Amino acid sequence: MRNRLGLLACLTLALGCALAGCKTGVLPDPNDPHDVGQVAPDILRQNLESTSDSLNDRVIKGEISDSERRSLIVKRANELVAHLKLEQIEPAKAWEYAEVYRAAQRWKEADALLELAVKNAPSEDRRVNDSLRLAQVKATEGNVPEALRLARSTFDAPVTEKAPILPAVLYEIVPAAKGKGHDVELGKLLEDAIQQHQQVIVDPNTDAGRAFLAARPHHVQVAWETVLELFIQAHRTDLAKEAGQKAQTMMSGNARV
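Let me sum up the structure you'll find in this document.

Conventions and cut-offs
Residues numbered from 1 in each chain as written. Predicted model: local features only at pLDDT ≥ 70, side-chain atom pairs only at ≥ 80, totals over all residues. Heavy atoms only, no water. Helix = DSSP H or I, 4+ residues; strand = E, 2+ residues; numbered from the N terminus. Buried < 20%, exposed > 50% of the residue type's maximum accessible area, 1.4 Å probe, protein only. Contact = heavy atoms within 4.5 Å. Areas by Shrake-Rupley, 256 points an atom, 1.4 Å probe, with all protein chains shown as cover. Axes fitted to C-alpha atoms, helices over the stretch in contact; angles between N-to-C directions. Parallel < 35°, antiparallel > 145°, perpendicular 65-115°, else oblique. Left-handed = near helix turned anticlockwise from the far one by under 90°. Nonpolar A, V, L, I, M, F, W, Y, C, P; charged D, E, K, R; others polar. Salt bridge = Lys/Arg side-chain N within 4 Å of Asp/Glu carboxyl O.

Some points on the overall build of the protein chain
Moving on, step 1. On a plain count of helices and strands, the protein chain comes out with eleven helices and zero strands.
Moving on, step 2. Across the 257 residues of the protein chain, 38% fall into the buried class.
Moving on, step 3. Look at the contacts in the protein chain between residues 6 or more apart in sequence, and 61% of them connect residues 24 or more apart.
Moving on, step 4. When the accessible surface of the protein chain is split by element, carbon and sulfur atoms take 54% of a total near 14500 Å².

This is how it looks when you write it as structure tokens:
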């Protein structure tokens with residue numbers, strides 16, 4: 001009887017595996033990066049966002065510092081990408097995987113994926129966002145001229161798609177590129193990105209549109225301050241003076257420069 005029961009159990013397990021298409025009887029856990037196989041990018045990003053939210057709470061509670069939070073996010077992102085195979089990533093999903101590689105500070109892989117994403121961008125929204133992210137990666141790697149070119153390549157976007165330009169240039173590209181011998185060009189890029197920001201058209205009847213309009217003056221002010229800083233550090237007081245006059249005119253609301 002015991003032999004029959006054992007045989008029946010084995011047959012049941014084998015049938016279950018055959019129906020499920022599995023080889024081991026244990027399905028891979030999509031939330032465990034150590035499982036063999038290519039984990040879906042949305043699972044990776046959700047995992048990373050969950051980690052980020054948890055760490056943010058710990059910073060608020062005073063359990064860890066912000067520096068420790070950033071280090072732990074990099075560590076977690078590296079764990080998530082440890083078993084990925086770049087050659088198996090589809091072009092349509094390249095940008096999603098690139099986000100996790102950027103968080104892991106794996107710049108070489110992020111560069112390759114974002115190059116693929118920009119080349120295969122299915123929309124203006126994706127082209128603009130992925131070009132700006134690629135520019136940040138290039139700047140981090142030290143290729144500032146290419147970062148400048150990529151950032152400017154987004155300036156031809158429709159006015160409804162220009163919203164990401166200034167925040168990306170101001171908060172990601174400039175910090176990654178400054179101090180690498182191109183601060184004057186960087187200041188001019190940021191100055192032109194301010195103009196791009198002024199052209200953006202949003203729907204003021206939506207939450208996103210209202211949020212954009214409320215935040216615009218702040219981002220523009222910070223951007224002008226950064227432009228002045230870049231020109232002054234580059235010993236171009238002439239450009240700093242000119243930019244200061246433009247900033248004063250724009251911020252006073254008398255005209256758009």
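Some details on unusual backbone geometry
Moving on, step 1. Of note in the backbone geometry, Q105 takes a positive phi value of approximately 60° without being a glycine.
Moving on, step 2. The residue Q105 is located in the loop between helix 4 (94-103) and helix 5 (107-119) in this model.
Moving on, step 3. Overall, Q105 belongs to the partly exposed group, its relative accessible area being 46%.

Topic: the packing of helix 4 against helix 6 (residues 124-141)
Moving on, step 1. With their axes 12 Å apart at the nearest point, helix 4 and helix 6 run at an angle of 30° to one another. Between helix 4 and helix 6, the angle is such that the two are roughly parallel. For the crossing formed where helix 4 meets helix 6, the hand is left-handed. Mapping the contact onto sequence places W95, E99 and R102 in helix 4 and R126, D130, R133, Q136 and V137 in helix 6.
Moving on, step 2. The class makeup of the residues in the contact of helix 4 with helix 6 is two nonpolar, one polar and five charged.

Side note on the pattern of salt bridges
Moving on, step 1. A complete count under the given rule lists 21 salt bridges for this structure.
Moving on, step 2. We note a salt bridge from D156 to R127, for which the minimum N-O separation is 2.7 Å. With D156 in the loop between helix 7 (144-152) and helix 8 (165-177) and R127 in helix 6, this pair connects stretches of sequence that are 29 residues apart.
Moving on, step 3. What makes D156 exposed here is its relative accessible area of 58%.
Moving on, step 4. One continuous salt-bridge network, built from bridges that share partners, spans E99, R102, R126, D130, R133 and E172.

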